[in-house]
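# Structure assessment
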Amino acid sequence: MSQNVYPEPQAPRLLSVAEWAALPEDQAGELIDGRLVEEEMSDCVHELVVAWLIQTLRDWLIPRGGFVFGSEVKYALKPRRGRKSDVSVFLSRSRKPPARGPVGIPPDIMIETVSPAPRDGRRDRVEKMEEYAAFGVRWYWLLDPQLRTLEIYGLAQDGRYVHRLGATGGLLQAVPGCEGLTLDLDALFREIDQLEAADQQETSRRQGSAESEG
């Protein structure tokens, strides 16, 4: 009796950072040990926070000389590990990234907007915190729109992050590492409240329509 012989499944080929950076723009994902890993799913609250951060930081930094980038810049942390932060900042034009391709120069600030999903929260608070510290990023910000908190960590001499600021609102006029920057967290959180209130009203309206039709 003959037996069918099936080929062993081939493990996916590991990608280098250069190959990851060369993928088409619509090919999402970060590079973890040579494998493409799905990114967090953004919603309107997440994108509102990112847009607010970019606008606020640009208004402060561009006149002083510097760069603010959005979420599609690909940072080469290791030969087979690459990340994309929500916002990244180079405080001076004396240290600037390449115009194209993966970036192997650590920015001065990386910022992540924490998503509600536990997996995404762990990635931002544990995995990326360790990786960005090893990469040499001087400041790491975590803005959590669900908890309405901003945390800022600074890189210590031992290569680990130390908690430097925690805020739940207010007008911050002393931001570590960013002289002259003011962050109006109350204004940001009001925008989030307005967006979520509009969403709740729409949900209630739909539920009322469904009940009346039923």
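This write-up is about the structure you can find in this document.

So, how was this worked out
Residues numbered from 1 in each chain as written. Predicted model: local features only at pLDDT ≥ 70, side-chain atom pairs only at ≥ 80, totals over all residues. Heavy atoms only, no water. Helix = DSSP H or I, 4+ residues; strand = E, 2+ residues; numbered from the N terminus. Buried < 20%, exposed > 50% of the residue type's maximum accessible area, 1.4 Å probe, protein only. Contact = heavy atoms within 4.5 Å. Areas by Shrake-Rupley, 256 points an atom, 1.4 Å probe, with all protein chains shown as cover. Pairing = 2+ DSSP bridges. Axes fitted to C-alpha atoms, helices over the stretch in contact; angles between N-to-C directions. Expected span 1.5 Å × (residues − 1). Polar contact = N/O pair within 3.5 Å; in protein donor to acceptor, adjacent residues only side chain to side chain. Core = buried A, V, L, I, M, F, W, Y, C linked by side-chain atoms within 4.5 Å.

## With respect to the overall build of the protein chain
Within the protein chain, the regular secondary structure consists of four helices and twelve strands. Scored against the burial criterion, the 214 residues of the protein chain give a buried share of 42%. Contacts spanning at least 24 positions in sequence make up 52% of the contacts within the protein chain whose residues lie at least 6 apart. Summed over all atoms, the accessible surface of the protein chain reaches about 12,600 Å², with 51% contributed by carbon and sulfur.

## A word on the sheet that holds strand β8 (residues 139-144)
Pairing in this open sheet of six strands is mixed, and the strands run β3-β6-β7-β8-β9-β10 from one edge to the other. Where the open sheet ends on each side, the last strands, each with one partner, are β3 (67-69) and β10 (161-167). Here the strands of the sheet are splayed against their neighbours by 15° on average, with no regard to which way each runs. Both β8 and strand β9 (residues 149-155) contribute to a ladder of six bridges, which runs antiparallel.

## Quick notes on helix α2 (residues 44-61)
Given a rise of 1.5 Å per residue, 18 residues ought to cover 26 Å, and the 25 Å separating the end C-alpha atoms of α2 matches this to within 8%. Inspection of α2 places Val45, His46, Leu48, Val49, Val50, Trp52, Leu53, Thr56, Leu57, Trp60 and Leu61 among the buried residues, and these make up the whole buried set. Regarding α2, its N-cap is Asp43, as a side-chain oxygen of that residue lies 3.3 Å from the backbone nitrogen of Val45 further along.

## Topic: the nonpolar core
Grouped together as the largest cluster of nonpolar side chains are 31 residues, with contacts concentrated most on Leu57, Trp141 and Leu150. When residues of this core are traced back to their parent elements, those giving at least two are α2, β6 (87-90), β7 (109-113), β8, β9, β10 and α4 (185-213). Considering every element that reaches this core, the biggest residue donor is α2, with nine residues. Residues Val103, Val114, Ala133 and Leu142 belong to the second largest nonpolar core, which totals 15 residues.

## A word on the pairing of β9
Burial within β9 is extensive, with six of its seven residues counted as buried. Linkage of β8 to β9, two consecutive antiparallel strands, is achieved through a turn of four residues, within which Arg148 is found at a positive phi near 60°. Pairing between β9 and β10: six bridges, direction antiparallel. Along β10, the bridge assignment pairs Ile152 with Leu165. Count of turn residues in the β9/β10 antiparallel hairpin: five residues, of which Gly159 carries a positive phi of about 85°.

## Notes on the environment of Asp158
Its location among the elements puts Asp158 in the loop between β9 and β10. Expressed as a C-alpha distance, the spacing of Asp158 and Ala133, which sit 25 residues apart in the sequence, is 9.9 Å. Reaching out from Asp158, the side chain makes a polar contact with the backbone nitrogen of Arg160 at a distance of 3.0 Å.

## Remarks on unusual backbone geometry
Its identity is not glycine, yet Asp33 carries a phi of approximately 55°, on the positive side. Counting through the fold element by element, Asp33 comes out in the loop between β1 (30-32) and β2 (35-37). Located in the positive-phi region is Arg148, a residue other than glycine, with phi close to 60°. As for its placement among the helices and strands, Arg148 is situated in the loop between β8 and β9. For Arg148, a relative accessible area of 16% puts it in the buried group.

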